[in-house]
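Next come the chains, spelled out residue by residue.
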Amino acid sequence: MKFTAEQLPGVRRFTEVHARRYKVGADLIGDLVIAVNEIATNAVRHGSPHAQLRMWAQDGCVVAEIHDRGTWMPSADPGGNPPSPEAEGGMGIWVARQICSAVHIRTGINGTVVRLELSPTARYI
């Protein structure tokens, strides 16, 4: 699914529909929607006005991959620590890491790809 900032509600619906299709437990669907929404919002806010979301099932996990044309130099462990309570932003990757089983970030000349993996037994803290 290709999307812009105005289409973020559609990203959330797409995520929910595909999560159900891939048999994500009802108790985890909302969590996955939140994680994908956070990363998709980052993609159109910081990356490029047009981004893309792909989802599939692999090895017992549901995978959501968000790609944008922006590049950046992430810290050694982006989202590894929670933002300060006074922060007005910077929560997206941290939130996704709390929800998902794995978060992988790849950035280069072709843009940035954030891959979220959610196992059926995932539980955030």
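The numbering scheme is per chain: residues are counted from 1 as the chain's sequence reads. Residues qualify for local features only when their pLDDT is at least 70, as the model is predicted, and side-chain atom pairs are given and counted only at 80 or more; totals for whole chains, interfaces and linings, by contrast, use all residues. No hydrogens and no water enter the side-chain calculation; it runs on all heavy atoms of the structure.

A.B. asks: If you had to explain the layout of surface pockets to someone new, which residues and values would you point to?
C.D. replies: Residues are called lining when one of their atoms sits within 4 Å of a cavity or pocket point, these points coming from a 1 Å grid over the protein atoms alone, where a cavity is a set in which a 1.4 Å probe fits but cannot get out and a pocket is an open set with protein on both sides within 12 Å along at least five of seven lines. Grid points are joined across faces, edges and corners, and a volume is the space filled by probe spheres set on the points. Of the voids in this model, the largest pocket is the one considered here, and its volume is about 490 Å³. Lining the largest pocket are 25 residues, with E38, N42, A43, H46 and I93 positioned closest to its centre. Only DSSP runs of H or I with at least four residues qualify as helices, and only runs of E with at least two residues qualify as strands; both kinds are numbered from the N terminus onward. It is helix α2 (residues 26-47) that contributes the most residues to the lining of the largest pocket, 9 residues altogether. Polar here means any residue other than Ala, Val, Leu, Ile, Met, Phe, Trp, Tyr, Cys and Pro, which are nonpolar, and Asp, Glu, Lys and Arg, which are charged; Gly is therefore polar. For the lining of the largest pocket, a count of residues per class yields 9 nonpolar, 12 polar and 4 charged.

A.B. asks: Help me get a handle on the sheet that holds strand β3 (residues 61-68), residues and values and all.
C.D. replies: If you walk across this open sheet you meet the 5 strands as β1-β2-β3-β5-β4, and the pairing is antiparallel. The open sheet has two edge strands, β1 (2-3) and β4 (102-108), and neither has a second partner. Across 7 bridges, β3 lies against strand β5 (residues 111-118) in antiparallel orientation. When the sheet's bridge partners are listed, D68 is paired in β5 with T112. With respect to the sheet, α2 is in contact with β1, β2 (51-58), β3 and β5, its orientation differing from that of β3 by roughly 15 degrees. Here the rule is simple: two strands pair whenever DSSP picks up at least two bridges between them. Should any heavy atoms of two residues lie within 4.5 Å, those residues are counted as being in contact. Angles run from 0 to 180 degrees between N-to-C directions of axes, and those axes are lines fitted to C-alpha atoms, restricted for helices to the stretch in contact.

Such coordinate-based values are descriptive only and should not be taken to indicate function.
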